[in-house]
Amino acid sequence: MASPETPGTALVTGASSGIGREYATQLAERGWDLVLVARRAERLDALAEQLREDSGAAVETLVADLARPADLARVAERVSGSDVDLLVNNAGINGYGPFAQVDPALLDKVLDVNVVALTTLTRAAVPGMLARGRGAVVNVASLLAFAGDLPPDPLPQRAVYAGTKGYAVIFTRTLAAELADTPVRVQVVCPGLTATEFHLGTGDAPVSGEARVHDEGGMPPADVVTASLAGLDAGEVVCVPGLADPEAVARLAAAELDLRNGSGARMARRYRTAEQSQE
């Protein structure tokens, strides 16, 4: 990524509210120019004007619905630009509800925004970053990526949403390992409940009206983004804002290694047994 003394341009998706808006605000304060992407033009324009006034940053807006292929293509073209040194894949929708009852079209949209757009934009950004020798990608996931079979109440009904966030975690960790010997950094952020308007809708349409916070409350978006950017500066791949035990992520990786090694050993024994039976 560009050094703190010479930041370039950051493209932030889902920038019209919540965590995305906070990324835009904090990056502008750090001296980054911005490309803000979201569905709500009025909110984007108001935020852009505020950031220009407060920080002097150059701010572009791109009104786009990342579930639409044509809109996604426009954003992908912009993120491949030679000035973009940071991509923040923050846009996401939840599609909460009983799996057998949720509108299939809404579930398609969850996959398109949370998985397809995130992957497409990362693929558009990384080659240029590698060529320039600097850059970073931040993917916003969720603690629900680790929720597995924990039941609803208090957690939402979330099979597809949690699956998409699980994808974001594994995709990011694997890509970070692939790029470990390059100057390009990759991070996944896994916030828990955050005080935004995310739970005010399922994502089929933008939340209307003035910006507000869902009744459940949660961690302030500023704390999530502060943790993310500090972790990015430190080279942290998996950022869990507010995590009390920093070794928990390392233990997860160790458990995965045990599973892989154990499975590999069993397969090796099976092959040996099969070979011996044929002798």
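Structure report, in brief. (Residues numbered from 1 in each chain as written. Predicted model: local features only at pLDDT ≥ 70, side-chain atom pairs only at ≥ 80, totals over all residues. Heavy atoms only, no water.)

1. Quick look at the packing of aromatic side chains
Under the definition given, this model contains four aromatic pairs. Ring geometry for Tyr-96 and Tyr-161: centres 5.4 Å apart, planes at 80 degrees, overall edge-to-face. Here Tyr-96 is found in the loop between β4 (84-89) and α4 (104-132), whereas its partner Tyr-161 is found in helix α5 (residues 159-178), with 65 residues between them in sequence. Accessibility classification places Tyr-96 together with Tyr-161 in one group, the buried group. Consider the rings of Tyr-161 and Phe-198, whose centres lie 5.8 Å apart with planes at 45 degrees: the pair is tilted. Remark: Phe-198 occurs in the loop between β6 (184-189) and α6 (221-233) and Tyr-161 occurs in helix α5; sequence separation between them is 37 residues. (Phe/Tyr/Trp six-rings, centres within 6.5 Å; stacked < 30°, edge-to-face > 60°. Helix = DSSP H or I, 4+ residues; strand = E, 2+ residues; numbered from the N terminus. Buried < 20%, exposed > 50% of the residue type's maximum accessible area, 1.4 Å probe, protein only.)

2. Details of the sheet that holds strand β5 (residues 135-140)
Strand order in the open sheet formed by seven strands is β3-β2-β1-β4-β5-β6-β7, with parallel pairing between adjacent strands. Every other strand in the sheet has two partners, leaving β3 (59-63) and β7 (238-239) as the edge strands with one partner each. Along the sheet face, helix α1 (residues 18-29) touches β1 (9-13), β2 (33-38), β4, β5 and β6 and points at about 165 degrees away from the line of β1. Relative to β6, α6 is tilted by about 150 degrees, and along the sheet it contacts β4, β5, β6 and β7. (Pairing = 2+ DSSP bridges. Contact = heavy atoms within 4.5 Å. Axes fitted to C-alpha atoms, helices over the stretch in contact; angles between N-to-C directions.)

3. Remarks on the pattern of salt bridges
Applying the stated criterion to the full structure yields 12 salt bridges. For the salt bridge of Asp-83 with Arg-78, the shortest nitrogen-to-oxygen distance reads 2.8 Å. Close ionic contact of Asp-245 with Arg-251 constitutes a salt bridge, the shortest N to O distance being 2.7 Å. Among the charged side chains, a salt-bridge network with shared partners connects Arg-40, Arg-43 and Glu-197. (Salt bridge = Lys/Arg side-chain N within 4 Å of Asp/Glu carboxyl O.)

Remember, this is a structural readout, not a statement about activity or role.
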